[in-house]
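Structural overview for review
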Amino acid sequence: MLGVESGSIIRLVDDWLNRLECSIAARDNQQLSNLFLDECYWRDVVALSWRLQTLENRARIVETLGPALRAEQASGFVIDESGPPPREVRRVDRDCIEAFFRFETRLARARGIVRLCRPAGEEGLRAWTLMTELHELKGHEARVGSRRPTGQSNSRDFRGPNWLDKREAAVRYADRDPAVLVVGAGQAGLAVAARLTVLGVDTLVVERHARVGDNWRHRYHALTLHNQVQVNHLPYMPFPESWPTYIPKDKLAGWLEAYAEAMELNIWTGTAFDGAARDGPDGPWSVTLRRPDGTTRTIRPRHIVLATGVSGIANRAALPGLDSFAGEVLHSSDYRDGEDWAGKRAIVFGTGNSGHDIAQDLHSSGAAVTIVQRNPTLVVNIEPSAQLPYAFYSDGPTTDQCDLIAVSMPVPLVRKAHVVFTERSRALDKPLLDALETRGFRLDFGEDDTGWQFKFLTRGGGYYFNVGCSDLIAEGTIDLLQYDALDGFVPEGARLKDGRIVAADLVVLSTGYKGQEHLVARLFGDAVAARVGPIWGFGEGLELRNMFTRTPQEGLWFIAGSLAQCRIYSKYLALQIKACEVGLMPEMPRADPAPAIAPKVAVSTAG
């Protein structure tokens with residue numbers, strides 16, 4: 001550790017924050033430069049740049065941070081007494097002082113985290129990481145806590161409409177259009193809709209399924225979440241403390257439905273989003289919605305949030321001869337339950353989470369199962385290995401404070417941390433991994449050994465949290481076949497290159513999904529898809545592409561990811577939309593206008 005006396009830590013943090021504020025007032029970039037290590041990072045989460053932005057190295061940070069602090073009139077930098085006190089911690093591979101602070105800009109109240117380290121051969125402390133976060137807009141605060149609605153009109157106006165009357169009228173949208181249309185009522189859509197609603201932004205959510213939660217309810221029978229309950233709360237309503245560590249999919253589906261009701265979200269279920277086009281460069285969207293009774297409704301929101309998940313369109317692999325197969329072929333998204341396949345034979349293509357879980361479900365139902373591996377796959381035991389990245393959510397800070405810690409870590413350092421997690425998990429899981437390799441299962445551990453989290457952030461898959469299927473493969477109870485041994489399909493099953501036939505009654509394609517840009521092209525047209533560009537993954541940058549922030553297409557936003565990601569980043573997406581609605585968001589450079597028409601292709605709105 002740094003060896004700083006506990007009584008001195010607060011003084012050292014206060015001194016750093018005071019020097020930061022003095023450098024702003026003095027417009028002194030050299031003074032600002034002296035506050036940072038040579039190797040350092042600044043992540044701004046909408047507070048100063050109105051977008052998600054990560055910069056690295058001292059020269060570049062000083063060049064950008066100084067003007068941003070002055071332009072936004074940042075001041076009042078003090079330790080945030082509502083957070084944990086400044087303390088010595090070890091993050092990634094360094095000892096540092098970690099401090100929560102708050103400050104104000106001309107338009108907002110903001111928060112941040114700074115991590116201070118001692119440069120080699122020096123006595124003072126300098127910033128290794130800095131994160132600045134927009135917390136709330138002045139005069140446009142969320143209507144929660146002491147700002148919650150009083151409800152007086154519901155209890156005192158006996159002749160007026162009551163609460164239920166008002167809710168039913170609000171959901172009908174008979175005399176108005178919403179400001180925001182959210183497509184998809186999964187965790188992503190509900191989280192951002194809840195954030196927008198408490199900010200006073202009129203928001204309609206449309207969901208193709210008949211009920212909220214059906215995107216989980218209709219998944220395969222045995223599904224549970226693979227990370228622990230304390231990580232997965234939604235905004236404003238944490239799960240009950242009595243809930244199980246790993247939440248079953250039907251329990252989660254019921255919670256999403258209850259959450260939508262409790263948060264008073266305006267939702268149209270059984271409604272297909274048939275496409276949208278922009279009414280001129282400065283106009284609203286023109287959106288066609290198809291209702292459950294077959295009628296259509298055109299609405300004109302100013303913003304569309306696509307919350308249909310990281311993966312929207314099933315990728316149905318073109319396997320040689322599959323059209324000649326006499327049995328049933330399902331994509332994993334269409335698989336529900338193995339009970340109908342008891343005593344029959346199944347081939348599952350793909351060794352990600354879905355492929356393994358479906359193979360295990362079929363085996364548990366009495367089917368004879370062969371799993372086909374197409375590419376090397378990362379395997380990690382569900383406990384304790386897969387939970388290592390989330391350990392700090394159980395260390396004492398509140399969920400909100402843990403979320404800030406998670407947001408404050410820049411991608412290069414998160415990558416380093418996940419190399420360490422991957423190394424630990426490989427050691428913990430070595431008996432299983434050795435047994436799998438003995439069976440001929442091909443393992444990988446992510447790009448540069450960064451593990452499953454970066455597979456998710458870059459590919460959306462390619463890993464398996466072992467809840468038993470790997471053990472079944474290792475012991476030979478579930479057969480393993482490598483894809484390069486396959487010659488093609490014949491009516492009775494898969495023919496191998498050595499002439500053998502693997503008989504089957506069912507083939508399940510756990511072959512993933514196409515990227516969201518394919519969905520954008522279907523819904524908004526090729527021109528909009530080209531303007532927006534790739535969605536998800538990092539490309540050459542240090543932020544997920546086009547996620548949770550303004551995109552090159554004005555009025556089109558994206559949110560997706562785990563429950564934790566949706567809880568965290570829905571806040572910043574909602575604040576940006578609110579800033580647009582009240583005229584605080586700087587204008588974007590003018591893009592080419594969207595096409596006058598867009599294709600009308602109904603898609604699943606689960607996310």
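Model, not experiment: these values are computed from the prediction.

Before going further, it helps to spend a moment on the packing of helix H10 (residues 399–408) against helix H17 (residues 563–581). Direction vectors running N to C along H10 and H17 enclose 80°, while the axes themselves pass 10 Å from each other. Judged by the inter-axis angle, H10 sits roughly perpendicular to H17. On the side of H10, the interface is formed by Thr399, Asp403, Leu404 and Val407, while H17 contributes Arg567, Ile568, Tyr569 and Tyr572. Residues belonging to the contact of H10 with H17 are distributed by class as follows: five nonpolar, one polar and two charged.

This part is about helix H12 (residues 430–439). If you check which residues of H12 are buried, you get Leu432, Leu433 and Leu436. Looking down the long axis of H12, one finds its buried residues gathered within 95° of arc, a one-sided arrangement. Turned more than 90 degrees off the buried face of H12, the exposed positions are Pro431 and Thr438. Of the surrounding elements, those touching the buried residues of H12 are strand S19 (378–381), helix H11 (411–428), strand S20 (463–466) and helix H14 (469–474). One or two residues past the end of H12 sits Gly440, with phi positive at roughly 100°.

Next up on the list: the state of the cysteines. Under the criterion given, the structure shown has zero disulfides. Distance from the sulfur of Cys22, which forms no disulfide, to the nearest cysteine sulfur (Cys40) is 20 Å. Under the relative-accessibility criterion, Cys22 is labelled partly exposed at 45%. Free cysteine: Cys117, not disulfide-bonded; nearest cysteine sulfur from Cys96 at 5.0 Å.

Moving on to helix H5 (residues 163–172). Its side-chain oxygen at 3.1 Å from the backbone nitrogen of Leu164, Asn162 defines the N-terminal cap of H5. Positive phi shows up at Tyr173, right after H5, with a value of about 55°.

It is worth spelling out the confidence of the model for the protein chain at this point. Here the protein chain shows a mean pLDDT of 91. Residues at 70 or above account for 94%. Low pLDDT, under 50, characterises residues 590–607; the stretch is placed with 71 contacts to residues that sit more than four places away or in other chains.

Taken in spatial order, the three strands make up an open sheet running S11-S12-S13, and their pairing is antiparallel. The open sheet has two edge strands with one neighbour each: strand S11 (272–278) and strand S13 (296–299). Strand-to-strand twist of the sheet, defined as the mean angle between neighbouring strand axes without regard to direction, takes the value 15°. The pairing of S11 with strand S12 (residues 285–290) spans five bridges and is antiparallel. Residue pairing across strands places Arg278 opposite Trp285, the latter belonging to S12. Where helix H15 (residues 516–524) meets the sheet, it contacts S11 and S12, and its direction lies at approximately 75° from that of S11.

This part takes up the nonpolar core. If you look at the biggest cluster of nonpolar residues, it comprises 175 residues, and the most contacted ones within it are Trp16, Phe36, Phe273, Leu362 and Phe524. Ranked by the residues each element gives to this core, the list is headed by H17, at 11 residues. Ignoring sequence-local partners within four residues, the contact set of Leu362 consists of Tyr335, Gly338, Trp341, Ala346, Val348, Ala367, Val369 and Leu506. Within the second largest apolar cluster, 16 residues are counted, among which are Ile347, Val372, Leu496 and Val507.

Attention shifts here to the sheet that holds strand S14 (residues 303–306). Spatially, the five strands line up as an open sheet ordered S10-S9-S8-S14-S27, and their pairing is parallel. One side of each edge strand has no neighbouring strand; the edge strands of this open sheet are strand S10 (266–268) and strand S27 (556–558). Sheet twist, expressed as the average angle between the axes of neighbouring strands with direction ignored, equals 25°. By the bridge criterion, three bridges tie strand S9 (residues 203–206) to S10 in an arrangement that is parallel. Paired with Leu204 across the strands is Asn266, a residue of S10. Docked against the sheet, H15 engages S14 and S27, running at close to 140° with respect to S14.

Now for the pairing of S20. Remember that side chains alternate between the two faces of the sheet whenever the strand is regular. Here S20 shows two buried faces, one formed by Tyr463 and Phe465 and the other by Tyr464 and Asn466. By the bridge criterion, four bridges tie S19 to S20 in an arrangement that is parallel. Pairing of Asn381 across the sheet is with Asn466, part of S20.

On to the environment of Phe100, then. Topologically, Phe100 is positioned in strand S5 (residues 94–104). We classify Phe100 as buried; its relative accessible area is 3%. The sequence separation of Phe100 and Ala427 amounts to 327 residues, and the corresponding C-alpha distance is 34 Å. Setting aside chain neighbours within four positions, we find Phe100 in contact with Ile79, Asp80, Pro84, Gly112, Ile113, Gln401, Leu404 and Ile405.

Position of Glu141 among the secondary structure elements: in the loop between strand S7 (126–137) and helix H4 (152–156). Within the local environment of Glu141, its side chain forms a polar contact with the side chain of Arg109, the two groups lying 2.8 Å apart.

On to unusual backbone geometry. Cis geometry marks the peptide bond from Glu383 to Pro384, where omega comes out at -5°. One can find Pro384 in the loop between S19 and H10. Phi angles above zero are rare outside glycine, and Val92 is one such case at about 60°. The class for Val92 is partly exposed, based on a relative accessible area of 22%. With a phi angle near 65°, Phe548 is a residue other than glycine that sits in the positive phi range. Topologically, Phe548 is positioned in the loop between helix H16 (526–532) and S27. With a relative accessible area of 2%, Phe548 lands in the buried category.

The rules behind these values
Residues numbered from 1 in each chain as written. Predicted model: local features only at pLDDT ≥ 70, side-chain atom pairs only at ≥ 80, totals over all residues. Heavy atoms only, no water. Axes fitted to C-alpha atoms, helices over the stretch in contact; angles between N-to-C directions. Helix = DSSP H or I, 4+ residues; strand = E, 2+ residues; numbered from the N terminus. Parallel < 35°, antiparallel > 145°, perpendicular 65-115°, else oblique. Contact = heavy atoms within 4.5 Å. Nonpolar A, V, L, I, M, F, W, Y, C, P; charged D, E, K, R; others polar. Buried < 20%, exposed > 50% of the residue type's maximum accessible area, 1.4 Å probe, protein only. Arc of directions from axis to C-beta. Disulfide = S-S within 2.5 Å. Polar contact = N/O pair within 3.5 Å; in protein donor to acceptor, adjacent residues only side chain to side chain. pLDDT = per-residue confidence, 0-100. Pairing = 2+ DSSP bridges. Core = buried A, V, L, I, M, F, W, Y, C linked by side-chain atoms within 4.5 Å.

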